[in-house]
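What the coordinates show
Each chain, letter by letter, is given below.
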Amino acid sequence: KQEVTQIPAALSVPEGENLVLNCSFTDSAIYNLQWFRQDPGKGLTSLLLIQSSQREQTSGRLNASLDKSSGRSTLYIAASQPGDSATYLCAVAPQGGSEKLVFGKGTKLTVNP
Amino acid sequence: ETGVTQTPRHLVMGMTNKKSLKCEQHLGHNAMYWYKQSAKKPLELMFVYNFKEQTENNSVPSRFSPECPNSSHLFLHLHTLQPEDSALYLCASSQGWGGYEQFFGPGTRLTVL
C-alpha cells in the first residue's frame, strides 16, 4: 500500500529565505507526482506535476525534483515571501493508470515578514 | 465562471437532514472526483467519475450518494450523516483518465450537528 510522508509537518522561516519541503513515498511504481498548495479553509491549487520519467519541473520561484528510485521528491521555494504561507501537499499517482492520488498530510509553511 | 466551482461553500446540517453538494467544472474535462479532507488526515478519495461513469468507490458509506448527470456536473447527496462526517469536501476534475493533472474546487465546509 502506497504511503506518502511529508516532513516537516510545519515550518516557519523569515522572508527572503530559500527553503526545501520534503515528500517521500513507499512504492516507487508511480505514474506521476503532484505538488499542491492549500490556503486555510480553501481548495487545492496545483503547483507542479512531475511525470515519472522526469527529474524536475520549474515554475517561477518553485522547483520540484523527483527521485523515483529512492522514493523522494523535494519542493524548493526561492526567495520566500509572506504570500507563500500555506500548506503544501504532495500526492502520487500510482502506476497502472489509476486516478487514485495518494496524498501526504502536508507541510504548513509560515513565512514571516 | 472559470475552473471548478462548488456550492454551497458552507453547510450545517442535522443528522436527519438530506442535503446535496454541487460541483461544476468549466474546463472541458471528462473526469470528476469527490475527496474528503478531515482535520489532521490526508485527503481521502471518495468517488471517481470518468465520462459520467463511476469508476471508483473508495468504500464510502451509503449515506453518501454521488450523481454525475454529465461530464461538467457532479453532485454528492447526503442523508442521515454522523458528526464524524464533518469535514471539507473537495471536488476535482481532470482532462481524462491516466495520470492527468487534477484541478480542485474551493470546497464545501460541512458541519453535522
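Some details on the sheet that holds strand β8 (residues 72–77) of chain A
All names here are of chain A. In space, the five strands of this open sheet follow the order β1-β3-β8-β7-β6, with antiparallel pairing throughout. In this open sheet, the two strands that pair with only one neighbour each are β1 (4–7) and β6 (56–59). Along the sheet, successive strands turn relative to each other by an average axial angle of 15°, direction set aside. As defined by bridge partners, strand β7 (residues 62–67) adjoins β8 across six bridges and the pair is classed as antiparallel. Bridge pairing links N63 to Y76 in β8.

Remarks on the sheet that holds strand β1 (residues 4–7) of chain B
Residues and elements named next belong to chain B. In spatial order, the strands read β1-β3-β8-β7; together these four strands make up an open sheet with antiparallel pairing. Each edge of the open sheet is held by one strand with a lone partner, namely β1 and β7 (64–70). Taking each pair of neighbouring strands and ignoring which way they run, the sheet shows an average axis angle of 20°. Where β1 meets strand β3 (residues 18–25), four bridges bridge the pair, whose relative direction is antiparallel. Of the residues in β3, the one forming a bridge with T7 is K22.

Topic: the environment of B:L76
Residue and element names in this part refer to chain B. Within the secondary structure layout, L76 lies in strand β8 (residues 73–79). Residues L76 and R63, spaced 13 residues apart in sequence, show a C-alpha to C-alpha distance of 9.9 Å. Excluding anything up to four places from it in sequence, L76 contacts K19, S20, L21, W34, M46, F47, F64, S65, P66 and Y89.

Quick notes on the rules
Residues numbered from 1 in each chain as written. Chains lettered and ligands numbered in written order. Predicted model: local features only at pLDDT ≥ 70, side-chain atom pairs only at ≥ 80, totals over all residues. Heavy atoms only, no water. Pairing = 2+ DSSP bridges. Helix = DSSP H or I, 4+ residues; strand = E, 2+ residues; numbered from the N terminus. Axes fitted to C-alpha atoms, helices over the stretch in contact; angles between N-to-C directions. Contact = heavy atoms within 4.5 Å.

Purely geometric numbers; function is a separate question.
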